[in-house]
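Residue-level structure breakdown
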Amino acid sequence: MSKFSNHNFANQKALIRVDFNVPLDKSTFAITDDTRMRAALPTIQKILNDGGSVILMSHLGRPKDGPEDKYSLKHILTHLSNLLKVQVKFADDCIGASAIELASSLKAGEVLLLENLRFYKQEEKGDEAFAEKLSKLGDVWVNDAFGTAHRAHASTAVIAKFFPKEKRFFGLLMEAEVNAAEKVLHKSEKPFVAIIGGAKVSDKILIIENLLERATDIIIGGGMAYTFMKAQGGQIGKSLCEEERLQTALEILNKAVAKDVNIHLPSDSVIADNFSNDANVSTAPSNNIPDGWMGLDIADNAQQQFANVIKKSKTILWNGPMGVFEMSKFQHGTKAIAIAVAEATQNGAFSLVGGGDSVAAVNQFGFANKVSYVSTGGGAMLEYFEGKILPGIAAVNE
Ligand code: AMP
């Protein structure tokens, strides 16, 4: 059992950093996707069940200069109360007299939500005095905001120094994210395949470099595959290409040979004469795309080729779509990969989908519960895969 699960929070005020940065409808301020709120519920409920009380702090959006009504966390108060089945209290300022008063009078089983932390510039600056003021509100600090764990902000990292180590905890969401990432990066059962897709090589270089040290196979799909094709002398028509990364692509391929990692590039592509769902569509070898055409998805042979690698793997990491999955004509490749990952998972593989658009894709195709773990942290998970130390994790452990 973990430190958090073992701890009894009875009669303690737990100051929890959550990630309630949920999308809101522009005119009604209704929550359009409450996944992040739901993800934090088990942590909150465990503390309430123990007989503790909870003070929640979060950011919402990117306020520029002080309070802005559209970024107020008051918009989520009613929904949060409904989810928790508790009438949540609200402090209209995250520090100051009203927050202190509401926090100090909080009773066991009660929940207080603080106003948007980013109404203070000090939050993102990691200001110590601001962090200290926040710290005074609770007896213990729980970090459950994996989505902001890559930021050294006041509430996500700097605040840690105002709590002794035994009063700092990872929440259950944070624990689950870290355990899933660790299982893939440091405890992977082999063969370990990393499926890397998306638009740009430049965004994924650090991940690929880190995975070259760990993976058995790396599948490269999506727009970034064409820079690799061109680097090897292929004809890619008007497919996405980063000219300034051709050399990087060759270096990655050479390193993979030296490290005995198999790199798989898509043998064929669905090609289009336009970046549009109305485009004329055909298929071609990925290294022989006619002038005036662009590769927008992996085609049948590539789907089969990649599925074969995935199905023999015991550990699977998936980041980035295989094509322009937002358009129905170019979503088949990403869907085929989702099916292969689901099948491998059913046969005992551990699969983690993390970082940005691949998460959107598995959700869109209804595969989220057919893989082992879907990460809630986009940028944070990417940095974890790049091998970086995340300040929000280090702060709890140090
Ligand atoms: P990323 O955020 O780097 O994972 O990239 C995701 C984006 O890459 C999605 O919006 C996809 O539409 C886009 N994408 C995937 N494959 C291609 C492709 N072959 N050509 C252009 N864009 C692509």
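Residues numbered from 1 in each chain as written. Predicted model: local features only at pLDDT ≥ 70, side-chain atom pairs only at ≥ 80, totals over all residues. Heavy atoms only, no water.

Here the focus is the overall build of the protein. In terms of helices and strands, the protein carries 15 helices and 17 strands. Across its three principal axes, the protein shows a C-alpha extent of roughly 70 × 45 × 35 Å. Expressed as a percentage of the 398 residues in the protein, the buried residues total 56%. For the protein, the proportion of contacts with a sequence separation of at least 24, taken over those separated by at least 6, is 73%. Entry remark: accessible area of the protein is about 16,800 Å², with carbon and sulfur atoms responsible for 48%. If the 42 positive side-chain charges of the protein are averaged to one point and the 46 negative ones to another, these points end up 3 Å apart. (Helix = DSSP H or I, 4+ residues; strand = E, 2+ residues; numbered from the N terminus. Buried < 20%, exposed > 50% of the residue type's maximum accessible area, 1.4 Å probe, protein only. Contact = heavy atoms within 4.5 Å. Areas by Shrake-Rupley, 256 points an atom, 1.4 Å probe, with all protein chains shown as cover. Lys, Arg positive; Asp, Glu negative; His and termini not counted. Charge placed at Lys NZ, Arg CZ, Asp CG, Glu CD.)

Throughout the structure, instances matching the rule amount to 4 aromatic pairs. Ring geometry for phenylalanine 4 against phenylalanine 9: centres 5.2 Å apart, planes inclined by 45°, an arrangement best described as tilted. Given the relative accessible area of 1%, phenylalanine 4 is considered buried. For the pair tyrosine 120 and phenylalanine 130, a centre-to-centre distance of 5.3 Å together with 35° between the ring planes defines the contact as tilted. Taken together, the residues span a long stretch of sequence, with tyrosine 120 in the loop between strand S4 (111-114) and helix H5 (121-125) and phenylalanine 130 in helix H6 (residues 128-135) at a distance of 10 residues. Since its relative accessible area comes to 23%, tyrosine 120 is described here as partly exposed. Each residue in the set Phe4, Phe9 and Phe169 is aromatic and connected to the rest through ring pairs, giving one cluster. It is lysine 3 that lies over the ring of phenylalanine 169; its NZ or CZ is 5.0 Å from the centre. (Phe/Tyr/Trp six-rings, centres within 6.5 Å; stacked < 30°, edge-to-face > 60°. Lys NZ or Arg CZ within 6 Å of the ring centre and 35° of its normal.)

Turning to the sheet that holds strand S6 (residues 168-170), a few remarks are in order. As summarised here, the arrangement of the 6 strands in space is S3-S4-S2-S1-S5-S6, forming an open sheet in which the pairing is parallel. Looking along the sheet, the strands with just one partner apiece sit at the ends: strand S3 (89-91) and S6. The average undirected angle you get between the axes of adjacent strands in this sheet is 25°. When strand S5 (residues 140-143) meets S6, the two strands line up parallel, connected through 3 bridges. Looking at the pairing, valine 142 lines up with phenylalanine 169 of S6. Against the sheet, helix H4 (residues 97-104) engages strand S1 (13-17), strand S2 (53-57), S3 and S4, with an angle of about 165° to S4. (Pairing = 2+ DSSP bridges. Axes fitted to C-alpha atoms, helices over the stretch in contact; angles between N-to-C directions.)

Leu114 and Ile218 are the most contacted members of the largest nonpolar core, which has 75 residues in total. The element that contributes the greatest number of residues to this core is helix H7 (residues 172-185), accounting for 7 residues. Residue contributions to this core reach at least three from each of two domains, namely domain 1 (3-170) and domain 2 (178-385). Core analysis: the next-biggest nonpolar cluster, separate from the first, contains 29 residues, Ile16, Val54, Leu80 and Leu83 among them. (Core = buried A, V, L, I, M, F, W, Y, C linked by side-chain atoms within 4.5 Å. Domains from an automatic or database assignment.)

Our next topic: the environment of valine 324. For valine 324, the position within the fold is in the loop between strand S15 (315-319) and helix H12 (332-346). Between the C-alpha atom of valine 324 and that of alanine 194, which follows or precedes it by 130 residues, the distance is 19 Å. Apart from the residues within four sequence positions on either side, valine 324 is in contact with Phe275, Leu296, Phe330 and Gln331.

Attention now goes to the site of the ligand. Near the ligand there are 16 residues, and of these Ala199, Gly223, Gly295, Glu326 and Asp357 occur at the shortest range. Within the backbone of glycine 223, a nitrogen or oxygen atom sits 3.1 Å from a nitrogen atom of the ligand. In this structure, an oxygen atom belonging to the ligand sits 2.5 Å away from a side-chain N or O atom of glutamate 326. Here the shell around the ligand is composed, by residue class, of 7 nonpolar, 6 polar and 3 charged. (Near = heavy atom within 4 Å. Polar contact = N/O pair within 3.5 Å; in protein donor to acceptor, adjacent residues only side chain to side chain. Nonpolar A, V, L, I, M, F, W, Y, C, P; charged D, E, K, R; others polar.)

Time to look at the side chain of asparagine 143. Note that asparagine 143 resides in strand S5. For asparagine 143, a relative accessible area of 0% corresponds to the buried category. Separated by 3.2 Å, the side chain of asparagine 143 and the backbone oxygen of glycine 392 make a polar contact. Sequence-distant contacts of asparagine 143, defined by excluding residues within four places in its chain, comprise Arg17, Thr156, Phe169, Phe170, Gly171, Met174, Gly392 and Val396.

Here the focus is the pairing of S2. Of all 5 residues that make up S2, 5 are buried, and the element is covered over most of its length. In S2, alternate side chains face the same way, and those of Ser53, Ile55 and Met57 on one face and Val54 and Leu56 on the other are all buried. Direction of pairing for S1 relative to S2: parallel, over a ladder of 5 bridges. The partner of lysine 13 across the bridge, within S2, is serine 53. Pairing geometry for S2 and S4, over 3 bridges, is parallel. Directly across from valine 54, in S4, lies its bridge partner valine 111.

Now for the packing of helix H2 (residues 35-50) against helix H3 (residues 77-84). At a minimum axis distance of 11 Å, the contact between H2 and H3 shows a crossing angle of 50°. Relative to H3, the element H2 is oriented oblique. Once H2 is placed against H3, the crossing between them reads as right-handed. Contacts between H2 and H3 involve Met37, Arg38, Leu41, Ile44 and Gln45 on the former and, on the latter, His79, Leu80, Leu83 and Leu84. Here the residues of the contact of H2 with H3 sort into 6 nonpolar, 2 polar and 1 charged. (Parallel < 35°, antiparallel > 145°, perpendicular 65-115°, else oblique. Left-handed = near helix turned anticlockwise from the far one by under 90°.)

The analysis is restricted to geometry; functional conclusions fall outside its scope.
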